[in-house]
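Descriptive analysis of the structure
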Amino acid sequence: AITQKSSDATLYSLSIGGVTLDPAFSSDVTSYTATVDYRTTPLKVNYKVNDPNAKAKVTGTTLKEGKNTVTITVTAEDRKKKKYTRLL
């Protein structure tokens, strides 16, 4: 029997150590802003995926002075992707 692969590429939870996300986290919202001192590096990003078969990769955790973008790319079991970004 052929098993259909999950297409769930969403996050269940997302937080950055000591930083408030704007807006508050929702798995349907993919763009956030936050303010943090650029010397807070590497940035501690905590997340959980909705589907245990999905994979997530975080990029942009080494900050520099000015605007920074941190991205979490979630890849579902069927290879569908969804990106969550934060402008810091």
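See the structure printed just above.
Presented here is a report on the structure given in the accompanying data block. Just so we're clear, the structure is a prediction, and the values are computed from it rather than from any experiment.

Moving on, we get to the sheet that holds strand β4 (residues 55–59). Read across the sheet, four strands follow the order β2-β6-β5-β4 without closing on themselves; strand pairing throughout is mixed. Two strands close off the open sheet at either side, each with one partner strand: β2 (31–33) and β4. With strand direction ignored, the average angle separating the axes of adjacent strands in the sheet is 15°. Of the pairings in the sheet, the one linking β2 to strand β6 (residues 81–87) comprises three bridges and is parallel in character. Counted as the bridge partner of Tyr32 is Arg86 from β6.

Using the criterion set out here, one finds two aromatic pairs in the structure. Aromatic pair Phe25 and Tyr32: ring centres 6.2 Å apart, planes at 25°, arrangement stacked. On the numbers, 6.4 Å between centres and 40° between planes, the contact of Phe25 with Tyr84 is tilted. Placement of Phe25 in the loop between β1 (11–16) and β2 and of Tyr84 in strand β6 is noted, with a sequence separation of 59 residues between them. Note on Phe25: relative accessible area 25%, which makes it partly exposed.

Conventions used here
Residues numbered from 1 in each chain as written. Predicted model: local features only at pLDDT ≥ 70, side-chain atom pairs only at ≥ 80, totals over all residues. Heavy atoms only, no water. Pairing = 2+ DSSP bridges. Helix = DSSP H or I, 4+ residues; strand = E, 2+ residues; numbered from the N terminus. Axes fitted to C-alpha atoms, helices over the stretch in contact; angles between N-to-C directions. Phe/Tyr/Trp six-rings, centres within 6.5 Å; stacked < 30°, edge-to-face > 60°. Buried < 20%, exposed > 50% of the residue type's maximum accessible area, 1.4 Å probe, protein only.

Interpretation note: all reported values are geometric properties and have no functional meaning in isolation.
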